[in-house]
Amino acid sequence: MQVTDFRCLPIAELEFDPRFTLISGPNASGKTTLLEAVYILGRGRSFRTRRLEHLIRRGADRFVVFGEVDSPGRRMTMGVEGSVAGTRAKIDGAFATSLAELTLVLPVQIIDPEVHKLVEEGPSRRRRYLDWGVFHVEPDFVAQWQRYHQVLKQRNAALKARQPRALVAIWDEELVSVGESLTAARSRYVANLADEVRRLSMTLLGQELEIQYRCGWARGLSLAQALKQSWVTDSERGLTHVGPQRAELTLLMGGAPVKDRISRGQQKLLAAALLIAQIRLFPPDFPVRPSLLLDDPAAELDNDSLASLINEVSGRAVQLIVTTLQQDFSVFGSPGRRFGVLAGGVRPL
Ligand SMILES: Nc1ncnc2c1ncn2[C@@H]1O[C@H](COP(=O)(O)OP(=O)(O)OP(=O)(O)O)[C@@H](O)[C@H]1O
Ligand SMILES: [Mg+2]
């Protein structure tokens, strides 16, 4: 990975170990920033901010992150550039039409101090979480997902422009067919995920977490019927109120929603259980193995929890990139490569 003018890093170049890389350095040296750079390559967005200008090094006018992804029989390049004009991504030299395509080249997942938001916040994070998993199990899903959001955008624009029903309805047939097939793909995935999540939450927390997929419209209706019923609301508010964009992954313990009933530490562990479940379900025949970024895990989890987590990911086909304050951090075994970060400078140790 080559990083230019990204937050505190004027320039940095790193080659990660295929299995385990350890990045150490004092507070504010740029450790999380390096993980953020890897993440943006695989996601086209940051996990810390939605404001692009925060990512550009103060005084510079754009950042560039360039990556080379090697796996047996495949070498791909990718780059993400951010400036006042927005974000642009390239894969093998050609512009990516959607940021979702990046995830097929570099599947990346992070467990960081904000991980509890996956459990605590609204449904959009959990939808993104779910879709990341489905993208790799069913690669056709990426194109369908893109198409669905294009059609939805057109339909919403027509609603907003107060166009007559017949003109809005032009979009309905495709919205319904793609929307139903997205829903089916997500449901298939959740069915497999649920067992893994139940087992992992038991291991990490001693309690079972149950996940359920709610499709984004009233149970018992088809999407076509739900759209019909929603017409008055949709036309009044200028927005489509039913469909997979409104789906929710509900998290239950003992039959009740978890959100307000568990501690922050438990939220972190549950979120980690959800993420590791996805890593475990990652298709073994996918051309590249996923990267799991762990931002200062020793500060987030107690020793027992850390030990269980390590146990669940070690031996998996996953590329671990871990940050830590102490150079001698060794709970994951010995890293294949180590880097030290000091005031925005990165060097191999
Ligand atoms: N756009 C920017 N331009 C320049 N510097 C920035 C920018 N955004 C953030 N920084 C600085 O980057 C530094 C490193 O931040 P980072 O979060 O990567 O540190 P860290 O090593 O993870 O620290 P910690 O151990 O406290 O988590 C911070 O001092 C921050 O002020
Ligand atoms: Mg940090």
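Above: the structure in question.
Residues numbered from 1 in each chain as written. Chains lettered and ligands numbered in written order. Predicted model: local features only at pLDDT ≥ 70, side-chain atom pairs only at ≥ 80, totals over all residues. Heavy atoms only, no water.

Enquirer: Any chance you could explain the overall build of the protein here in plain terms?
Expert: Tallying secondary structure elements over the protein gives 12 helices and 15 strands in all. Against the globule reference of 20 Å for 349 residues, the protein gives a C-alpha radius of gyration of 21 Å, in line with a compact fold. Judged by the C-alpha coordinates and their principal axes, the protein covers about 65 × 50 × 40 Å. Counting all 349 residues of the protein, 53% fall into the buried class. Relative to all contacts within the protein whose residues are 6 or more apart in sequence, the contacts with residues 24 or more apart total 71%. With the model as given, the accessible surface of the protein reaches about 16400 Å², and the carbon-plus-sulfur share is 49%. Across the protein, 45 positive and 39 negative side-chain charges occur, with their mean positions spaced 4 Å apart. (Helix = DSSP H or I, 4+ residues; strand = E, 2+ residues; numbered from the N terminus. Rg over C-alpha atoms; globule rule 2.2 N^0.38 Å. Buried < 20%, exposed > 50% of the residue type's maximum accessible area, 1.4 Å probe, protein only. Contact = heavy atoms within 4.5 Å. Areas by Shrake-Rupley, 256 points an atom, 1.4 Å probe, with all protein chains shown as cover. Lys, Arg positive; Asp, Glu negative; His and termini not counted. Charge placed at Lys NZ, Arg CZ, Asp CG, Glu CD.)

Enquirer: Mind showing me how you'd approach the site of ligand 1 here?
Expert: In the vicinity of ligand 1 there are 16 residues, among which Ala 28, Lys 31, Thr 32, Thr 33 and Ile 56 approach most closely. Within the contact set of ligand 1, an oxygen atom lies 3.1 Å away from a backbone nitrogen or oxygen of Ser 29. For ligand 1, the accessible surface in isolation is 660 Å², of which the surrounding protein chains cover 72%. Taken together, the residues of the shell around ligand 1 sort by class into five nonpolar, six polar and five charged. (Near = heavy atom within 4 Å. Polar contact = N/O pair within 3.5 Å; in protein donor to acceptor, adjacent residues only side chain to side chain. Nonpolar A, V, L, I, M, F, W, Y, C, P; charged D, E, K, R; others polar.)

So, to be careful, I would describe these as geometric facts and stop short of saying anything about function.
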